[in-house]
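# Structural overview for review
Listed below, chain by chain, are the residues.
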Amino acid sequence: MSTDTDRYIGRFAPSPTGPLHFGSLVCALGSYLDAVAHGGQWLVRMEDLDPPREEPGAAQRILHTLQAHGLHGHGPVLWQSQRHARYDAVLQQLRERQLLYPCHCSRAQIRSNGGHDNERCRAGQFPADGASALRLHSAGASETFDDLWQGPQTQQIREDTILKRRDGLYAYQLAVVVDDIDQGITHIVRGADLLETSGAQQLLFRTLGAAPPQFGHLPLVMGPDGHQKLSKQNHAPAVDDSHPAQNLYSALAFLGFHAAAELAGEAPEHILKWAAARWQRHQVNTRNRQPG
Ligand code: GLU
């Protein structure tokens, strides 16, 4: 695991399923500040892996929102849609190591099977065909890590991780880990909704011979009902790019950093500098809650 004295490379990795909302701005800001405050670099990766779920124009809109808020990446944007050959090569490598098997089971079938994968699939009794997913032998493993904000975690891997989906698309779990390895990411700072995916990702890092990064999961911005996180599904409004300073000021307050009101009138770059100089991990308010 990385320590703070190592080189720090962080990232923000949005999926272009819609424009950024306040919750995603909080994650972008938190990951940026943690990187910059530790003398690190911050990269932006567009996780455009799932065209059916994507919204036309969303990727460019997200990039525009980041720019408008002074959140400039320290390197070119990495687009997952351009990385298919790399994902294929990793799958091939895992196949040669006999760590993958084709699986035809739906989630419902696996659930009705008591949460375990179909033993006949696992035993490799079915050939791969156009309708099979590729799974990594991983169920039964257990991963522990110390999250920067959520504390010590132990996660049991209950299901063999899908690395390629039945519809032929590369799975998020595969792409995110391969890209984090290839970009040399040392710190993954993101929303707490992804905490439960971390154990399987950590296992995949190690399976691929890479040291797992430090994980840090930030508090979630809850929607109007107080029970669900802000999301496209509960009609979270897009961040308004014409008021970047106020948005940053509110996102900072959500994270637990209260600036003087005058700061909300400054340029975004100035606010980010102010915040990076004061960023303290222990000061982050880790409670999932509604803003304000
Ligand atoms: N693309 C994922 C999302 O927008 C985030 C991936 C990650 O940060 O690991 O939910």
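Preceding block: the structure.
Anyway, here's the lowdown on the structure attached to this text. Please read these numbers as outputs of a predicted model, since none were measured by experiment. (Residues numbered from 1 in each chain as written. Predicted model: local features only at pLDDT ≥ 70, side-chain atom pairs only at ≥ 80, totals over all residues. Heavy atoms only, no water.)

### Describing the sheet that holds strand S5 (residues 133–136)
One open sheet holds the 3 strands; their spatial order is S4-S5-S8, and the pairing between them is antiparallel. The open sheet has two edge strands with one neighbour each: strand S4 (100–103) and strand S8 (161–164). Neighbour-to-neighbour, the strand axes of the sheet open up by a mean angle of 45°, direction not taken into account. Note that S4 and S5 share 4 bridges and pair antiparallel. The residue of S5 that forms the bridge with Pro102 is Leu134. Seen against the sheet, helix H3 (residues 84–96) touches S4, S5 and S8 and runs at an angle of roughly 125° to S8. (Pairing = 2+ DSSP bridges. Helix = DSSP H or I, 4+ residues; strand = E, 2+ residues; numbered from the N terminus. Axes fitted to C-alpha atoms, helices over the stretch in contact; angles between N-to-C directions. Contact = heavy atoms within 4.5 Å.)

### Describing the sheet that holds strand S3 (residues 78–79)
The strand order across the open sheet formed by 3 strands is S1-S2-S3, and the pairing between neighbours is parallel. Every other strand in the sheet has two partners, leaving strand S1 (9–12) and S3 as the edge strands with one partner each. Strand direction decides the pairing type here: strand S2 (residues 41–46) and S3, joined by 2 bridges, are parallel. Across the sheet, residue Met46 finds its bridge partner in S3, namely Trp79. Across the sheet, helix H2 (residues 58–68) touches S1, S2 and S3, and the angle it forms with S2 is around 160°.

### Concerning the site of the ligand
Looking at the ligand, the residues that line it are Arg11, Ala13, Pro14, Ser15, Glu47, Tyr172, Val176, Arg190 and Leu194. Ala13 is positioned with one of its backbone polar atoms (N or O) 2.7 Å from a nitrogen atom of the ligand. Glu47 is positioned with one of its side-chain polar atoms (N or O) 2.6 Å from a nitrogen atom of the ligand. Relative to its free-state accessible area of 300 Å², the ligand is covered by the protein chains to the extent of 78%. When the residues that make up the shell around the ligand are grouped by side-chain class, the tally is 5 nonpolar, 1 polar and 3 charged. (Near = heavy atom within 4 Å. Polar contact = N/O pair within 3.5 Å; in protein donor to acceptor, adjacent residues only side chain to side chain. Areas by Shrake-Rupley, 256 points an atom, 1.4 Å probe, with all protein chains shown as cover. Nonpolar A, V, L, I, M, F, W, Y, C, P; charged D, E, K, R; others polar.)

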